[in-house]
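Residue-level structure breakdown
Given next are the chains, with one letter for each unit.
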Amino acid sequence: MILRTLFAVWVMLTPLTAGEVRVAVASNFSGALEQLRDDFETRSGHRLTLVTGSTGKLYAQIRHGAPYDVLLAADAARPERLEQDGLAVDGSRFTYALGRLVLWYRSGAPTDSGTGDQQGSAWLEAGRFRKLAIAHPELAPYGRAAEETMQSLGVLESLRPRLVRGENIAQAYALVASGNAELGFVAQAQLGQGDGGLGRSGAGGTRWPVPAALHQPIRQDAVLLKRATDAEAAAAFLVFLRSEEARSRIAALGYDLP
Amino acid sequence: MSWPDLAPIRLTLLLATVTTLLLLLLGTPLAWWLATTRSRLRPVIEAITALPLVLPPTVLGFYLLVMLNPEAPIGSFWVRLTGNTLTFSFAGLVVASLLYSLPFAVQPLQGAFEGLGRGPLEAAATLGAAPFDTFRSVVIPASLRGFVTAAVLSFAHTIGEFGVVLMVGGNIPGRTRVLSIAIYEHVETLRYSEAHVLSAGLLLFSFAVLLSVYALNRRARFHVR
């Protein structure tokens, strides 16, 4: 009896026997992953569960034993550190997407300011706004890229008093979508999926795709975590993520590919 | 051991003080009305007052974002008045804290007023005291315990506020980054020693506050009865 109980407990505690893969995903990619989920589930027969947060937060959780199988980060640094910490499977890292940063004016962007590559810097220099939303630079790679962009344009220090920080890129998006900040640095992928805010359909507004030269590339890496070393579902998911079909959908959702 | 930036502590204490004073000012008439009225609206107002106790802070935070944004009536009125947005500002945090801590001020006061009974009030009226005079020289001294409990609980509850501020504060150092947010940020960025210092401080402070409330209540019981 005792043995049987112990066995039952052991079965319950053994991860992934049921063909489930639990993916910790950076906020910017969670909408995209949800769109990919159906495909993956019908093709592989495994179940996919998402846990969303800022990359920094997910990293801290994994360091403390959070039961995730795969991390889809918004940067390359955290997956690499997990590998060094011995928490990720060596050699399982790869870049699944390159993030694209967009400066989004929800409404009332100045129309008299520059065009093309100069447009956004003209907005920032003119400064006809009260608040500019970014993701937290230490927690979220899109936040750091936003700071680097302002740094390259030489406006970071003068704008600092007007920056408001969301805990992750989804919160930064929400601050702009709800009209509390006039503009913000968000992920290109969010603008395709997000709701434009209360009572508006689609993201709308005016967007300035930030030229890639203004910040370090946002290399988004995936990594297999130690607990899922031999898990079939997790392996199948990583294979799927590299498939041509998944890649073309990722590109269509607003990412560049390595 | 690295020491954390202490600005969040100052900000948090200021926020809690302002909130507590305003809550006593606004909560007293509300609690008095709830304790004495025979209106049919009473249960409705009581329920609304207690809502922040049961609603998750995310609900409060989300609706505040919706109501206080510069395009909404309240938000735009504030922008016209002060030139600043209500969200991401100290004033906005005060508004959020008033809502969030309202039941902690109103309920002890209402209890104290109800415990008073009609006797002393009628006696004062018979002796010719005007209503406000009665309130000042009879009600307030007799309900002092209620006032102290209300003040201490609102103060402590505001100190512990987290979810609402996370949503409407914008995490601006020196302006809206309160203690709980600073702790959260230290944990998320793996700066555990700073998180430890602030967390332990908050733990001791909260314990001291609760201990003093309970000790005070006990003493008051012995003295009054």
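Residues numbered from 1 in each chain as written. Chains lettered and ligands numbered in written order. Predicted model: local features only at pLDDT ≥ 70, side-chain atom pairs only at ≥ 80, totals over all residues.

Note on sheets: strands pair through backbone hydrogen bonds, and any given pair is parallel or antiparallel. All names here are of chain A. Strand order across the open sheet formed by five strands is S7-S6-S8-S5-S9, with mixed pairing between neighbours. For this open sheet the edge positions go to strand S7 (163-166) and strand S9 (206-209), each flanked by a neighbour on one side alone. In this sheet, adjacent strand axes meet at a mean angle of 30° when their direction is disregarded. Relative to the sheet, helix H6 (residues 141-152) contacts strand S5 (101-105), strand S6 (132-135), S7 and strand S8 (183-187), its axis offset from that of S6 by approximately 130°. (Pairing = 2+ DSSP bridges. Helix = DSSP H or I, 4+ residues; strand = E, 2+ residues; numbered from the N terminus. Axes fitted to C-alpha atoms, helices over the stretch in contact; angles between N-to-C directions. Contact = placed C-beta atoms within 7 Å.)

All names here are of chain A. Segmentation of chain A into domains returns domain 1 (2-98 + 219-252) and domain 2 (101-209). If you look at the interface, domain 1 gives 12 residues, while domain 2 gives 15 residues. Elements with a contribution of two residues or more to the side of domain 1 that touches domain 2: helix H2 (27-44) and helix H3 (55-63). When residues in the side of domain 1 that touches domain 2 are grouped by element, the largest group, five residues, is from H2. Here the side of domain 1 that touches domain 2 is composed, by residue class, of three nonpolar, seven polar and two charged. (Domains from an automatic or database assignment. Nonpolar A, V, L, I, M, F, W, Y, C, P; charged D, E, K, R; others polar.)

Residues and elements named next belong to chain B. Taking 1.5 Å per residue as the helical rise, helix H5 (residues 90-116) with its 27 residues ought to reach 39 Å, and the 37 Å between its terminal C-alpha atoms agrees with that figure. Along H5, the largest kink reaches about 50° and is centred on serine 101; proline proline 103 follows within four residues of it. Just beyond H5, the residue with positive phi is glycine 117, at close to 75°. (Expected span 1.5 Å × (residues − 1). Bend = angle between axes of the 7 residues up to and from the residue.)

Across chain B, the average pLDDT comes to 88, with 96% of residues at or above 70. Here the prediction assigns the complex a pTM of 0.78, and the interface score ipTM is 0.72. (pLDDT = per-residue confidence, 0-100.)

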